[in-house]
Structures are given as C-alpha cells and as structure tokens.
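Descriptive structure summary
So you can see what is in the structure, the chains are spelled out below.
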Amino acid sequence: MAQKQKFPHLVGSKWTACQPLEGWRHFQVVNRKNQGDWVFAEMVAACDPNVRFWINAKLLKERSLWLAGWQSLQEGGKG
C-alpha cells in the first residue's frame, strides 16, 4: 500500500507571512522537493518573482509565522 503523500496540495498554495520577508508578505508555492522524510516548498513573492526561497513545509503550519491564503494584515508593509 502506498504511503500517503505529505502536503499533497502544496504547489500553487498561497501564504501570508506574519512578518515581512525580503520586504513582502504574500507568497505562493511554486515547487516542492522531497528529501528523505522532509518536504521543502519553494516560495515566490506574489509581487516580485525575483524574491524566492526554499523553506521546510512544516513551517507553514506555524500560525505564528504563516497564515493560509493571502490575508490583509493591519500592519503596514508591501505585498
């Protein structure tokens, strides 16, 4: 029996960073990478495709760091 894939809907998902990263808050997952038991997501800023980085996908579950979808936040900032 095949093992259930971790984070099956990761690619294409949208996220809001609770603190700006590289000056932006809104990101989309454009790629995923499995390395052993770890899953990594390649994040790209919604307003600047040159801002991209890889993170451990588990961090997206941390509500103190990331919110699912593109959320309006009360604090000022780009993106």
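For the structure, see preceding data.
What comes next is a walk through the structure. (Residues numbered from 1 in each chain as written. Predicted model: local features only at pLDDT ≥ 70, side-chain atom pairs only at ≥ 80, totals over all residues. Heavy atoms only, no water.)

**What to know about the packing of aromatic side chains**
Tallied over the full model, the rule gives 2 aromatic pairs. Ring centres 5.4 Å apart and planes at 70° place the aromatic pair Phe27 and Phe53 in the edge-to-face group. Here Phe27 is found in strand β2 (residues 24-35), whereas its partner Phe53 is found in strand β4 (residues 52-56), with 26 residues between them in sequence. Arranged with centres 5.8 Å apart and planes meeting at 80°, the rings of Phe27 and Trp66 form a pair that is edge-to-face. Here Trp66 lies in strand β5 (residues 66-68) and Phe27 lies in strand β2, a separation of 39 residues in the sequence. On the basis of relative accessibility, which here comes to 4%, the residue Trp66 falls in the buried class. An aromatic cluster is present here, built from Phe27, Phe53 and Trp66 joined pairwise through their rings. The side chain of Lys14 reaches across the aromatic face of Trp70, ending 4.8 Å from its centre. (Phe/Tyr/Trp six-rings, centres within 6.5 Å; stacked < 30°, edge-to-face > 60°. Helix = DSSP H or I, 4+ residues; strand = E, 2+ residues; numbered from the N terminus. Buried < 20%, exposed > 50% of the residue type's maximum accessible area, 1.4 Å probe, protein only. Lys NZ or Arg CZ within 6 Å of the ring centre and 35° of its normal.)

Geometry only, nothing functional implied.
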